[in-house]
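Examination of the molecular architecture
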Amino acid sequence: QVQLVESGGGLVQAGGSLRLSCAASGRTFSMYAMGWFRQAPGKEREFVAAISSGGRTYNADSVKGRFTISRNNAKKTVYLQMNSLKPEDTSVYYCAAGLDSGGYYYTSRYNYWGQGTQVTVSS
């Protein structure tokens, strides 16, 4: 069983930066692929970024060059550094964990989810 707790969301002006953190419980964090997804009101949850158990990263086209995912296995934490934020990045951001078997872009590949953290980007 894995529990995930996100933090770091907030209100920022367009062009600004935020860093989201996701702290995990459990002894096998290093075995999990970790992902960040987001969901805006009235829209489906969409993939943002993922990092495999081996450290390979994947990003949605909409955030490439602006967002960076990383992980610290010793701290059981995954991060999402978000730079050059745009109003269209406004969403609730969710952290997710799943046993590493590929398919990082799909919500169905993840077994555990955090409660979400709100990110609001003003124009």
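Now for a look at the structure at hand. (Residues numbered from 1 in each chain as written. Predicted model: local features only at pLDDT ≥ 70, side-chain atom pairs only at ≥ 80, totals over all residues. Heavy atoms only, no water.)

Here we look at the pairing of strand β1 (residues 4-7)
- Of the two faces of β1, only the one carrying L4 and E6 is buried; V5 and S7 on the other face are not.
- One ladder, built from 4 bridges, connects β1 with strand β3 (residues 18-24); its direction is antiparallel. Counted as the bridge partner of L4 is A24 from β3. (Buried < 20%, exposed > 50% of the residue type's maximum accessible area, 1.4 Å probe, protein only. Helix = DSSP H or I, 4+ residues; strand = E, 2+ residues; numbered from the N terminus. Pairing = 2+ DSSP bridges.)

Examining the environment of A24
- Structurally, A24 can be placed in strand β3.
- Considered as a pair, A24 and K75 are 51 residues apart in the sequence and their alpha carbons are 8.5 Å apart.
- Apart from the residues lying within four places of it in its own chain, the contact partners of A24 are V2, Q3, L4, F29 and K76. (Contact = heavy atoms within 4.5 Å.)

Structural notes on the side chain of T77
- Counting through the fold element by element, T77 comes out in strand β8 (residues 77-82).
- Leave out the neighbours within four places in its chain, and T77 touches S21, C22, A23, F29, S70, R71 and N72.

Observations concerning the nonpolar core
- Counting residues in each nonpolar core, the largest one holds 36 residues, and the members touching the most others are L4, M34, W36, L80, M82 and Y93.
- Elements supplying a minimum of two residues to this core: β3, β4 (32-39), β5 (46-51), β7 (67-72), β8, β9 (91-99) and β11 (117-122).
- In this structure, Y93 is in contact with E6, L20, W36, F37, R38, V48, F67, L80, M82, G116, T117 and V119, ignoring residues within four places of it in sequence. (Core = buried A, V, L, I, M, F, W, Y, C linked by side-chain atoms within 4.5 Å.)

So, the pairing of β8
- Counted residue by residue, β8 has 5 buried out of 6 residues, so it is predominantly covered.
- The sheet contact formed by β3 and β8 spans 6 bridges and is antiparallel. Its bridge partner being in β8, S21 is matched across the sheet by Y79.

Side note on the state of the cysteines
- Taken as a whole and judged by the stated rule, the model has 1 disulfide.
- Covalently, C22 is tied to C95 through a disulfide, its sulfur atoms 2.1 Å apart. In this structure, the disulfide formed by C22 and C95 twists by about -80° around the S-S bond and is classed as left-handed. Here C22, found in strand β3, pairs with C95, found in strand β9; they are 73 residues apart in sequence, far enough to count as distant.
- By relative accessible area, which is 0% here, C22 ends up buried.
- Relative accessible area serves as the criterion here: at 0%, C95 is assigned to the buried category. (Disulfide = S-S within 2.5 Å.)

Regarding the environment of L11
- The residue L11 is located in strand β2 (residues 10-13) in this model.
- Given the relative accessible area of 65%, L11 is considered exposed.
- Once residues lying within four places of it in the same chain are set aside, the contact partners of L11 are T120 and S122.

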